Amino acid sequence: DSTLAQSVTEALRIDLARSPSVRLLETSDVSATLLRMERDPGTALTAQVAREVAERAGATAVVTGEIAPLGAGYVLSVRLVSTKDGATLLAVRETADGAGGLIAAVDQLSKKVREGIGESLRSIRGGAALEDVTTKSLEALRKYSLANAAADAGEVVKAREILKEAIHLDTNFAMAYRRQAAILSNLGDNPSEVAAAAIRAFELRDRLPEREKLLAIAYYYWVVDYDSDKIIAAYQQVLDTWPDDNTAGNNI
């Protein structure tokens, strides 16, 4: 009964949100992450999908559970799973005497989870969120994030090579092409290679959410078909909606 499962899930989510030990990802954040994974935002969160969402968002763990019939009642079970390796950090269960006992069972279950979750999360280190860009490949996103970190540390040649690996993993990775064009330009590499990378990002713009689309457009009109009005307009549109965007703020 999927309706029953959704009701129990929402009740548990509300209870867990009361815990001072955790911060839950908002539903809107999950939907936005699924879009960047090039999936429907309504995609069911299987354990594997949820772990990928969690890694992209920098979440330490995933809560997963089951409702199983037991005679005239139910058994509810919940596991806290490490994003990094899928290890079970906490496992609890509770029984309910029929549908009428489900809310009381959820209350008891969430109490057990809240009591154990803080200690469980202390045993693992949280990871930084991966870069907020669109690619269907988790490994390509990891490479892209590593490349950005290397570039920020002044290791620009290393960043260029890592970006090549990211593009190899996802040949439609628009932001990787855009970043590659910027790094090649900074290194003074062949202008035709810079232009080719910027053009590829521009060609893929209609696959992208608005912010990434505008960044691809702005860079195209910087290095391929120079037009200062279009550059400024694109970056300003980014800043109008995302005023803290570093790329647009630095370049405008």
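Structural data are supplied above this passage.
Now for a quick tour of the structure.

Reading the values: the criteria
Residues numbered from 1 in each chain as written. Predicted model: local features only at pLDDT ≥ 70, side-chain atom pairs only at ≥ 80, totals over all residues. Heavy atoms only, no water. Pairing = 2+ DSSP bridges. Helix = DSSP H or I, 4+ residues; strand = E, 2+ residues; numbered from the N terminus. Axes fitted to C-alpha atoms, helices over the stretch in contact; angles between N-to-C directions. Contact = heavy atoms within 4.5 Å. Polar contact = N/O pair within 3.5 Å; in protein donor to acceptor, adjacent residues only side chain to side chain. Salt bridge = Lys/Arg side-chain N within 4 Å of Asp/Glu carboxyl O. Buried < 20%, exposed > 50% of the residue type's maximum accessible area, 1.4 Å probe, protein only. 1 Å grid on protein atoms, 1.4 Å probe; cavity = no way out; pocket = protein on both sides within 12 Å on 5 of 7 lines; lining within 4 Å. Points joined across faces, edges and corners; volume = space filled by probe spheres on them. Nonpolar A, V, L, I, M, F, W, Y, C, P; charged D, E, K, R; others polar. Expected span 1.5 Å × (residues − 1). Arc of directions from axis to C-beta. Phe/Tyr/Trp six-rings, centres within 6.5 Å; stacked < 30°, edge-to-face > 60°.

## Here's the deal with the sheet that holds strand β2 (residues 73-82)
Phase 1: Spatially, the three strands line up as an open sheet ordered β1-β2-β3, and their pairing is antiparallel. Whereas interior strands pair on both sides, the edge strands pair on one side only; in this sheet they are β1 (61-70) and β3 (88-96). Adjacent strand axes in the sheet meet at a mean angle of 15° when their direction is disregarded.
Phase 2: Direction of pairing for β2 relative to β3: antiparallel, over a ladder of eight bridges. Looking at the pairing, Leu 76 lines up with Glu 94 of β3.

## Focus: the environment of Arg 79
Phase 1: Secondary-structure assignment places Arg 79 in strand β2.
Phase 2: Here the alpha-carbon distance between Arg 79 and Arg 93, two residues 14 residues apart in the chain, equals 8.8 Å.
Phase 3: Filtering out sequence-adjacent residues up to four positions away, Arg 79 remains in contact with Val 62, Val 63, Thr 64, Thr 88, Leu 90 and Ala 91.
Phase 4: One polar contact links Arg 79 to Thr 88, side chain to side chain, over a distance of 2.7 Å.

## Quick look at the pattern of salt bridges
Phase 1: Going through the model one piece at a time under the given rule, you end up with 14 salt bridges.
Phase 2: Arg 56 serves as the salt-bridge partner of Glu 52, at 3.0 Å between the closest nitrogen and oxygen. Of this pair, Glu 52 and Arg 56 both sit in helix α3 (residues 47-57), four residues apart, which is roughly one turn of the helix.
Phase 3: Owing to a relative accessible area of 16%, Glu 52 belongs among the buried residues under this scheme.
Phase 4: Overall, Arg 56 belongs to the buried group, its relative accessible area being 6%.

## What about the layout of surface pockets?
A probe matching the size of a water molecule, rolled over the atoms, marks out where space remains unfilled.
Phase 1: Quantified by volume, the largest pocket comes out at close to 1500 Å³.
Phase 2: Surrounding the largest pocket, 46 residues form its lining, Thr 9, Arg 13, Leu 45, Val 62 and Val 63 being those nearest its centre.
Phase 3: Looking at the lining of the largest pocket, its residues break down into 28 nonpolar, 13 polar and five charged.
Phase 4: Each pocket or cavity is described by its volume, and for the second largest pocket that value is around 590 Å³.
Phase 5: In this structure, the second largest pocket is lined by 21 residues; those nearest its centre are Asn 148, Arg 178, Arg 179, Asn 246 and Thr 247.

## Regarding the side chain of Asp 15
Phase 1: Structurally, the position occupied by Asp 15 is in helix α1 (residues 2-16).
Phase 2: Of note is the side chain of Asp 15, whose polar atom sits 2.8 Å from the side chain of Ser 110.
Phase 3: Each residue touching Asp 15, except ones within four places of it in the same chain, is listed here: Val 106, Asp 107, Ser 110 and Arg 114.

## Some remarks on helix α10 (residues 228-241)
Phase 1: Compared with the 20 Å implied by 1.5 Å per residue over 14 residues, the 20 Å span of α10 between its first and last C-alpha is a close match.
Phase 2: When α10 is considered as a whole, its buried residues turn out to be Ile 231, Ala 234, Tyr 235, Val 238 and Leu 239. Down the axis of α10, the sector holding all buried residues measures 135°, keeping them to one side. Residues of α10 that are exposed and point over 90 degrees away from its buried face: Asp 229, Asp 240 and Thr 241.

## Describing the pairing of β1
Phase 1: As judged from the 10 bridges shared by β1 and β2, these two strands associate in the antiparallel manner. Of the residues in β2, the one forming a bridge with Glu 66 is Ser 77.
Phase 2: Taking the residues that link successive antiparallel strands as the turn, the β1-β2 hairpin has two residues, and the phi of Gly 71 there is positive, at about 60°.

## Things to note about unusual backbone geometry
Phase 1: Phi at Glu 38 is positive, roughly 60°, even though this residue is not glycine.
Phase 2: As for its position among the elements, Glu 38 is in the loop between α2 (27-36) and α3.

## Re the packing of aromatic side chains
Given two aromatic rings, their pairing is described by the distance between the two centres and the angle made by the two planes.
Phase 1: Here the structure, examined in full by the defined rule, presents five aromatic pairs.
Phase 2: Judged by centre distance (3.8 Å) and plane angle (15°), the ring pair of Phe 202 and Tyr 220 falls under stacked. With Phe 202 in helix α8 (residues 191-203) and Tyr 220 in helix α9 (residues 210-223), this pair connects stretches of sequence that are 18 residues apart. Just as Phe 202 is buried, Tyr 220 falls in that class too.

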